[in-house]
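What follows is each chain in one-letter form.
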Amino acid sequence: WLSNRLRRRKALFVAGLVVSLAGWLVVVLVPDLPIAVHCLLYLLIGIAKGASVLTYIAAQDHAGAATSGAGSAIINTFYLGGGAFAQYFIGMLLDLHWAGDLVVGVRIYPAVAYDAALLAMPASVGIAFALSFAIRESHPGRDPGGSMPL
């Protein structure tokens, strides 16, 4: 609703990235935060990441109605592929810091391993922020049903 009213999608998407990045940086860089603050930060990050839905709408704005399904499928592939890669990458970061401790066959990681692995979150949001500058504003309602060059 807000992106249609403002006739801007990219600005809201980038704002969501900035808020998300700020939240992750506080989580990662500020030591000994109370649990309640962590919960509030994760809530803020989750709400801010809700702006990522605008990428699907912007793809439809750019591609037009005839090919919007393909655009949504490509975006969905990147979201799901990114999630799959993140699990592998974060696991790799944890394993780099593993001291070899096992309890009933389960790896036990030191706190420094989690600190290192958690850095992947603001790093990924930072990459998305940098890549957002390559996206053109779609200006909703400017070319209904037609296509617009990326």
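As a reminder, the structure under discussion sits directly above these lines.
Before going into details, it helps to say that this report is about the structure given with it. (Residues numbered from 1 in each chain as written. Predicted model: local features only at pLDDT ≥ 70, side-chain atom pairs only at ≥ 80, totals over all residues. Heavy atoms only, no water.)

**Here we look at the layout of surface pockets**
Alright, step 1. Taken as a whole, the largest pocket holds about 1400 Å³ of empty space.
Alright, step 2. What lines the largest pocket is a set of 40 residues, and nearest its centre among them are Phe13, Phe78, Tyr79, Ala128 and Leu131.
Alright, step 3. For the lining of the largest pocket, the elements supplying multiple residues, two or more each, are helix 2 (10-29), helix 3 (35-49), helix 4 (54-63), helix 5 (68-96) and helix 7 (120-132).
Alright, step 4. Among the elements that make up the lining of the largest pocket, the one with the highest residue count is helix 5 (11 residues).
Alright, step 5. In terms of residue class, the lining of the largest pocket is built from 26 nonpolar, nine polar and five charged. (1 Å grid on protein atoms, 1.4 Å probe; cavity = no way out; pocket = protein on both sides within 12 Å on 5 of 7 lines; lining within 4 Å. Points joined across faces, edges and corners; volume = space filled by probe spheres on them. Helix = DSSP H or I, 4+ residues; strand = E, 2+ residues; numbered from the N terminus. Nonpolar A, V, L, I, M, F, W, Y, C, P; charged D, E, K, R; others polar.)

**Digging into the nonpolar core**
Alright, step 1. Within the largest apolar cluster, eight residues are counted, these being Phe13, Leu17, Trp24, Val27, Leu33, Leu41, Ile45 and Val125.
Alright, step 2. Mapped onto this core, the elements with two or more residues apiece are helix 2 and helix 3.
Alright, step 3. Per-element tally for this core: the top contributor is helix 2, with four residues.
Alright, step 4. With six residues, the next largest nonpolar core counts Leu93, Leu94, Ala113 and Ala120 among its residues. (Core = buried A, V, L, I, M, F, W, Y, C linked by side-chain atoms within 4.5 Å. Buried < 20%, exposed > 50% of the residue type's maximum accessible area, 1.4 Å probe, protein only.)

**A look at the packing of aromatic side chains**
Alright, step 1. Taken as a whole, this structure holds four aromatic pairs when the rule is applied.
Alright, step 2. Note on Phe129 and Phe133: the rings are 5.1 Å apart at their centroids and 85° apart in plane angle, and the pair reads as edge-to-face.
Alright, step 3. What makes Phe129 partly exposed here is its relative accessible area of 26%.
Alright, step 4. Note on Phe133: relative accessible area 55%, which makes it exposed.
Alright, step 5. Sitting over the face of the ring of Trp98, Arg107 holds its NZ or CZ atom 4.0 Å from the ring centroid. (Phe/Tyr/Trp six-rings, centres within 6.5 Å; stacked < 30°, edge-to-face > 60°. Lys NZ or Arg CZ within 6 Å of the ring centre and 35° of its normal.)

Functional significance is not addressed by these values, which are geometric in nature.
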